[in-house]
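Overview (structure and organization)
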Amino acid sequence: MSTSRLKVVLTRRLPDAVETRLRELFDAELNLTDAPMERAALEAAVQRADVLVPTITDAIDADLISRADDRLKMIANFGAGVNHIDVDAAVARGIVVTNTPGVLTEDTADLAMGLILAVSRRMVEGARVVEEGRFEGWTPTWMCGRKLGGKRLGIVGMGRIGQALARRARAFGMQVHYHNRKPVPELVAEELGATWWDDLDQMLPRMDVISLNCPATRETHHLMSAARLARLKPEALLINTARGELIDEAALAAAVAAGAIAGVGLDVFEHEPAVHPGLVGRPNVVLLPHLGSSTLEARQDMGERVITNILTFANGHRPPDRVIPAML
């Protein structure tokens, strides 16, 4: 396959250096407006592309894939998560799906740790007080948050990001616990001082902070349901930098309104970009606009992984970041 004739369609703007390299290597079609593609535009794209480069804002479902021309042989996702792509339907059509794992690990773990700090120490709430001119000077009992040292952090999903977060939490003196389908290797557990819980429902009520770091799958949809949220102790904090679908957002809003949870930090939302109105304006809720991978370095690295996957596939080899249904 000649790479220069390979039609690569991008659904969103990517970093300039990435787009330039894609134009050098392929017949790359850019989205200069950066507006998310409407359904009709996506359907047209899968009719003319050899490779589609979507992002999390694109719904690459079974119906769309069924409308693709036979020339579409690859979906090279710009991002680690692939819950917006029907991988089963793609594989059934002989379409290779890739993602960009690993390059987001440190940046997302940084943000998760930042949210833990922001919520526990009431940083955003305090910043608003200053901005609104309500700061009247220091007093011994005002705006007291909670220290992190000695607190128990429960990580749900101990993959790359979960482990990176655990290392940061250890530096703050936190005790690391985690729930995963299976325990991490013994050497990793020893390094992190991490305690494995095979039963999430047993772990939740014992933790001071819960951080969600698992992928969105059929099994993890509304993992934090109303029943599970009710298992948290009232002093607990809930952090989510993974996928919004992991939390029943309406149930979370109800828990916040009832004072059943001490604080919440979210970088992702169930119906993104919409946010449940019951979570907006709450002093103990910190909301960020999906900043997990938002560093110049991460976005550049993501683009380079996309290019590597396409080149490897075009040269007749297995892409290094191929996604198969058994992985999900």
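Residues numbered from 1 in each chain as written. Predicted model: local features only at pLDDT ≥ 70, side-chain atom pairs only at ≥ 80, totals over all residues. Heavy atoms only, no water.

The chain goes by Glyoxylate reductase in an unreviewed UniProt entry, where it is assigned to Brevundimonas viscosa. We quote the UniProt Sequence similarities (unreviewed entry) comment for the chain here in full: "Belongs to the D-isomer specific 2-hydroxyacid dehydrogenase family." (UniProt positions renumbered as here; feature names shortened; annotations may be inferred.)

Mapped onto this numbering, the UniProt entry annotates "domain: D-isomer specific 2-hydroxyacid dehydrogenase catalytic" (unreviewed entry) at residues 18–323. Taken end to end, residues 18–323 is 36% helix and 14% strand, and its two terminal C-alpha atoms sit 22 Å from one another. (Helix = DSSP H or I, 4+ residues; strand = E, 2+ residues; numbered from the N terminus.)

Another point: the UniProt feature "domain: D-isomer specific 2-hydroxyacid dehydrogenase NAD-binding" (unreviewed entry) in the chain. Under the UniProt annotation, the feature "domain: D-isomer specific 2-hydroxyacid dehydrogenase NAD-binding" (unreviewed entry) is placed at residues 113–292. Between the first and last C-alpha atoms of residues 113–292 the distance is 11 Å; the span itself is 29% helix and 16% strand.

Time to look at the sheet that holds strand β12 (residues 285–287). With respect to topology, seven strands assemble into an open sheet ordered β8-β7-β6-β9-β10-β11-β12, the strand pairing being parallel. Every other strand in the sheet has two partners, leaving β8 (195–197) and β12 as the edge strands with one partner each. Strand-to-strand twist across the sheet, computed as the mean angle between neighbouring axes with direction ignored, equals 15°. Inspection of the sheet shows strand β6 (residues 152–156) paired to strand β7 (residues 175–179) by five bridges, in the parallel sense. Counted as the bridge partner of Arg152 is Gln175 from β7. Docked against the sheet, helix α5 (residues 105–120) engages β6, β9 (209–212), β10 (237–240), β11 (263–266) and β12, running at close to 150° with respect to β10. (Pairing = 2+ DSSP bridges. Axes fitted to C-alpha atoms, helices over the stretch in contact; angles between N-to-C directions. Contact = heavy atoms within 4.5 Å.)

The element β6 is extensively covered by neighbouring structure, given that four of its five residues are classed as buried. Running through helix α7 (residues 160–171), the crossover from β6 to the neighbouring parallel element β7 is right-handed. Pairing between β6 and β9: four bridges, direction parallel. Directly across from Ile155, in β9, lies its bridge partner Ser211. (Buried < 20%, exposed > 50% of the residue type's maximum accessible area, 1.4 Å probe, protein only. Right-handed = clockwise from strand over helix to strand, strands pointing away.)

Here we come to the sheet that holds strand β4 (residues 74–76). Taken in spatial order, the six strands of this open sheet run β2-β1-β3-β4-β5-β13, and their pairing is mixed. If you trace the sheet from one side to the other, it starts and ends with β2 (27–29) and β13 (322–323), each paired once. Judged from the three bridges that link them, strand β1 (residues 7–10) and strand β3 (residues 51–53) form a sheet pairing that is parallel. Bridge pairing in β3 links Val8 to Val51. Docked against the sheet, helix α12 (residues 296–314) engages β1, β3, β4 and β5 (96–98), running at close to 160° with respect to β4.

Looking now at the domain arrangement of the chain. Considered domain by domain, the chain is made up of domain 1 (7–99 + 295–327) and domain 2 (104–287). Distance from the C-alpha centre of domain 1 to the C-alpha centre of domain 2: 31 Å. Here domain 1 meets domain 2 over a buried area of about 590 Å², counting both sides, of which 50% is carbon and sulfur. For the interface between domain 1 and domain 2, the tally reads one salt bridge. The partner of Asp88 in a salt bridge is Arg218, and the shortest N-O contact between them spans 3.4 Å. Taken together, the connections running from domain 1 to domain 2 amount to four residue pairs in polar contact (both at pLDDT 80 or more). Here the side of domain 1 that touches domain 2 is built from residues that sort into four nonpolar, three polar and one charged. (Domains from an automatic or database assignment. Buried area = accessible area lost by both parts, 1.4 Å probe. Salt bridge = Lys/Arg side-chain N within 4 Å of Asp/Glu carboxyl O. Polar contact = N/O pair within 3.5 Å; in protein donor to acceptor, adjacent residues only side chain to side chain. Nonpolar A, V, L, I, M, F, W, Y, C, P; charged D, E, K, R; others polar.)

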